[in-house]
Amino acid sequence: MPYSGLITRYRDYLTHLPNNAIPVTLLEGNTPLIPAPRLSAELGCDVRLKFEGLNPTGSFKDRGMTVAMTAAVAEGATACICASTGNTAASAAAYAARAGLACYVLIPQGKVAAGKLAGAVAYGATVIQVQGSFDDALAMVREISQRRPIALVNSINPHRIEGQKTAAFELVDALGRAPDWLCLPVGNAGNITAYWRGFVEYHLAGKTSALPQLLGVQAEGAAPLVLGHAVEKPETVATAIRIGRPARGKEALQAVAESSGRILAVSDAEILEMQKRLAAEGVWCEPASAAGAAGLFREVKAGRLDVRGKTIVCVITGHGLKDPDAITARFPAPRAIPATMSALERLIAE
Ligand code: AN7
């Protein structure tokens, strides 16, 4: 049967959706699990990359958005709203367009990567820059969605988590069991919460006897869950996870504890170094998406994590095209030569 989106594929597990709901879908999910041979050799384990950047709008957010938008339409919504560091905005804009809903997205001014902002605009959302942080914007959309009949599609919307848990199902379906470790970036903490729910549900359904250990990774300048308190002015090159008050922080910490996992923070330098390593495997991701693998790398190299012979999945949450400036701003512009064969010969002989 041709693939028709994750709601159809995992309908039996999406019990919150009304029976008569008609999927609003762009055929999200079903993303590849790509082996990372160089990283595997370096760390002495089998590292696989769940490349969520290959979803329709370039990030894992599409998994939650197909379910949230399907539910919103079934409930009769005509407009939706979210706060976002960028990927949620682009995803909400696309699925709202598909469903014929008005869409408002609030983003922190000047802190959203170019590809995400352009996406939200292209899909026709009303984009509003807030002179504040993501956390400020989230507080605003929470309140307006109470006051007015506008569906809130942030990951505090339970349908978002329901959709995102399907990534765990796909991992078990691909590997035949859960991986030993699952490494992923943590911002608002919805995704790690969703993965854990997915693994637990599949475990209860008898699809995997084992559960993974979770390695949740924040950026040092935006690490409220590692520090144990909110961060008022989060700062990191990984703008996607520039979040100081994670809405699902408590659930995330509980999931990490239940899995006998870890939550830790990596520096911007470690994130960018891992972005480069992943690109050297042929998988270019945005900076935030490298955080999970960066955390794994550091722990293994420091001798704090024994992964020999283990199967490790790193979730690559967003495509590198989302944030081209993260590359072009740090590297010199490509060399220019005259349009002559001699100039080309000289350069190649260097
Ligand atoms: C690429 O788009 O919060 O821990 O508003 O875009 O579930 O928040 C994005 C988060 C990781 C963190 N990787 O996931 C938003 C937003 C990428 C992201 C995360 C985000 P959560």
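Just so it is clear, the structure is predicted and the values come from calculations on it, not from any experiment.

Within a sheet, each strand pairs with its neighbour through backbone hydrogen bonds, oriented either parallel or antiparallel. Sheet architecture is open: four strands sit in the order 5-4-3-6, paired in parallel fashion. Lying at the two open borders of the sheet, with one neighbouring strand each, are strand 5 (126–130) and strand 6 (151–152). As paired strands, strand 3 (residues 79–83) and strand 4 (residues 102–108) are joined by five bridges and run parallel to one another. For Cys-82, the partnering residue across the bridge sits in strand 4 and is Val-105. On the sheet, helix 6 (residues 134–147) packs against strand 3, strand 4, strand 5 and strand 6 and is oriented at approximately 155° with respect to strand 3.

As a further point, take the pairing of strand 8 (residues 213–219). Look at any regular strand and the pattern is simple: side chains alternate between the two faces of the sheet. In terms of burial, strand 8 is largely enclosed, as six of its seven residues are buried. Bridging between strand 7 (residues 181–185) and strand 8 involves five bridges; their strand directions are parallel. Bridged to Cys-183 within strand 8 is Leu-215. Handedness of the crossover is the feature at issue here: the chain leaves strand 7, passes through helix 9 (residues 190–204), returns alongside strand 8, and the resulting connection is right-handed. The pairing of strand 8 with strand 9 (residues 262–266) spans five bridges and is parallel.

So, on to empty space enclosed by the protein. All chains considered together, the criterion is met by one cavity of 30 Å³ or more. Of the voids in this model, the largest cavity is the one considered here, and its volume is about 320 Å³. Around the largest cavity, the lining is made up of 29 residues, and of these Phe-60, Lys-61, Gly-187, Asn-188 and Ala-240 lie nearest the centre. Of all the secondary-structure elements, those providing two or more residues to the lining of the largest cavity are helix 4 (87–99), helix 7 (158–164) and helix 9. Residue composition of the lining of the largest cavity, by class: 11 nonpolar, 14 polar and four charged. The residue makeup of the lining of the largest cavity includes at least three contributed by each of domain 1 (6–59 + 160–328) and domain 2 (61–157).

The method is simple in principle: a probe with the dimensions of a water molecule rolls over the atoms, and the space it marks as empty is what remains. In this structure, the largest pocket encloses a volume near 160 Å³. Every residue along the wall of the largest pocket is listed here: Lys-111, Val-112, Ala-113, Ala-114, Val-237, Thr-239, Asp-323, Asp-325, Ala-326, Ala-329 and Arg-330. Counting the residues that make up the lining of the largest pocket, at least three belong to each of domain 1 (6–59 + 160–328) and domain 2 (61–157).

Axis separation between helix 8 (residues 166–175) and helix 9 bottoms out at 7 Å; the angle between their running directions is 50°. Here helix 8 lies oblique to helix 9, going by the angle between them. The interaxial crossing formed by helix 8 with helix 9 has right-handed handedness. Facing Ala-167, Ala-168, Phe-169, Leu-171, Val-172 and Asp-173 of helix 8, the residues of helix 9 in contact are Tyr-195, Gly-198, Phe-199, Glu-201 and Tyr-202. Here the residues of the contact of helix 8 with helix 9 are counted per class, giving eight nonpolar, one polar and two charged.

One pass over the structure, following the stated rule, counts 22 salt bridges. The partner of Lys-301 in a salt bridge is Glu-42, and the shortest N-O contact between them spans 2.8 Å. On the criterion of sequence distance, the pair formed by Lys-301 in helix 13 (residues 291–301) and Glu-42 in helix 2 (residues 37–43) is long-range, its members being 259 residues apart. Since its relative accessible area comes to 46%, Lys-301 is described here as partly exposed. Under the relative-accessibility criterion, Glu-42 is labelled partly exposed at 36%. For Glu-143, the salt bridge goes to Arg-147, with nearest N and O atoms at 2.5 Å. Highlighted residues: Glu-143 and Arg-147, both in helix 6, separated by four residues, approximately one helical turn. When its relative accessible area of 44% is taken as the criterion, Glu-143 is described as partly exposed. Its relative accessible area of 62% is what places Arg-147 among the exposed residues. One connected set of salt bridges, linked through shared partners, spans Arg-262, Glu-270, Arg-298, Glu-299 and Arg-304.

Here the protein chain is partitioned into domain 1 (6–59 + 160–328) and domain 2 (61–157). The C-alpha-based centres of domain 1 and domain 2 are spaced at 21 Å. Of all residues in domain 1, Val-24, Arg-160 and Lys-322 bury the most surface against domain 2, accounting for 26% of the area lost on that side. Where domain 1 packs against domain 2, one counts four salt bridges. For the salt bridge of Glu-52 with Arg-63, the shortest nitrogen-to-oxygen distance reads 2.5 Å. Linking domain 1 to domain 2 there are 21 residue pairs in polar contact (both at pLDDT 80 or more). Those elements giving two or more residues to the side of domain 1 that touches domain 2 turn out to be helix 1 (6–9), helix 7 and helix 8. Looking at the side of domain 1 that touches domain 2 element by element, the count peaks at four residues for helix 7. Residue classes in the side of domain 1 that touches domain 2 are distributed as 19 nonpolar, 15 polar and 13 charged.

Once that is clear, we can look at the site of the ligand. Around the ligand, the structure places 22 residues, and the nearest of them are Asn-87, Thr-88, Asn-188, Ala-189 and Thr-317. Of all the secondary structure elements, the ones that give two or more residues to the shell around the ligand are helix 4 and helix 9. No fewer than three residues from each of domain 1 (6–59 + 160–328) and domain 2 (61–157) sit in the shell around the ligand.

About the criteria used
Residues numbered from 1 in each chain as written. Predicted model: local features only at pLDDT ≥ 70, side-chain atom pairs only at ≥ 80, totals over all residues. Heavy atoms only, no water. Pairing = 2+ DSSP bridges. Helix = DSSP H or I, 4+ residues; strand = E, 2+ residues; numbered from the N terminus. Contact = heavy atoms within 4.5 Å. Axes fitted to C-alpha atoms, helices over the stretch in contact; angles between N-to-C directions. Buried < 20%, exposed > 50% of the residue type's maximum accessible area, 1.4 Å probe, protein only. Right-handed = clockwise from strand over helix to strand, strands pointing away. 1 Å grid on protein atoms, 1.4 Å probe; cavity = no way out; pocket = protein on both sides within 12 Å on 5 of 7 lines; lining within 4 Å. Points joined across faces, edges and corners; volume = space filled by probe spheres on them. Nonpolar A, V, L, I, M, F, W, Y, C, P; charged D, E, K, R; others polar. Domains from an automatic or database assignment. Parallel < 35°, antiparallel > 145°, perpendicular 65-115°, else oblique. Left-handed = near helix turned anticlockwise from the far one by under 90°. Salt bridge = Lys/Arg side-chain N within 4 Å of Asp/Glu carboxyl O. Buried area = accessible area lost by both parts, 1.4 Å probe. Polar contact = N/O pair within 3.5 Å; in protein donor to acceptor, adjacent residues only side chain to side chain. Near = heavy atom within 4 Å.

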